[in-house]
Amino acid sequence: MGLGLILAPVALLGLAAAAGQDEAPRRPPEPFRVFVHTSDPGDNALRAALEEVLPMVRERVERRRHWFQLADSAEDADLTLRLVNYRTGQHGDPLAPGSYADLMGREFHFLDAIVLGGGERSGLTGLDERDFPGGPGLRNAASHLAEELERFCKENYAALRRLRRETGPGTP
């Protein structure tokens, strides 16, 4: 009985350590390969807008180099990020009628995407909102989308890691 009491906590510590390995680190040992592309909407205006924002999104994803490395194709990637919508606009501030912000309005940029990886799928949105006329709204929305992609990887780290183990290092 004494040996069983000693082995039980040791086994529990081993299980806890194994479970802890699937928690997302601050920086993964190897960045995830990401293929960023656009959907093929039927609307020509949306297709043109998505093609216009694609380089900015790629650049913002690539800037998070500890987590991501751009891939040339979906076959070479751990994750695919498909841009599905980009919209901008402006509106007044209903909470402050008659204020400067209400007169000038607020500008917003939304970037919607779908991420696939490790058997998981999720919708992501990058958003930037500011007083109009604003500054670099698209850049900030693309940065926010890259942050959301990193959050997705942290939340699904175990599944993404499992995928890497099954396919081997350097293999999609």
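Analysis parameters
- Residues numbered from 1 in each chain as written.
- Predicted model: local features only at pLDDT ≥ 70, side-chain atom pairs only at ≥ 80, totals over all residues.
- Heavy atoms only, no water.
- Helix = DSSP H or I, 4+ residues; strand = E, 2+ residues; numbered from the N terminus.
- Expected span 1.5 Å × (residues − 1).
- Buried < 20%, exposed > 50% of the residue type's maximum accessible area, 1.4 Å probe, protein only.
- Salt bridge = Lys/Arg side-chain N within 4 Å of Asp/Glu carboxyl O.

For this particular structure, what's the right way to read the environment of L145?
For L145, the position within the fold is in helix α4 (residues 137–155). Sequence separation between L145 and D128 is 17 residues; the distance between their C-alpha atoms is 9.9 Å.

I tried to follow α4 on my own but got confused; where do I start?
Here α4 is 19 residues long and its end C-alpha atoms lie 27 Å apart, about the 27 Å a rise of 1.5 Å per residue gives. All of the buried residues in α4 are G137, L138, A141, A142, S143, L145, A146, E148, L149, E150, F152 and C153.

Sorry, what's going on with the pattern of salt bridges here?
Note that side chains of opposite charge can pair when their charged atoms are close. Applying the stated criterion to the full structure yields 10 salt bridges. With a closest N to O distance of 2.6 Å, E148 and R151 form a salt bridge. Of this pair, E148 and R151 both sit in helix α4, three residues apart, which is roughly one turn of the helix.

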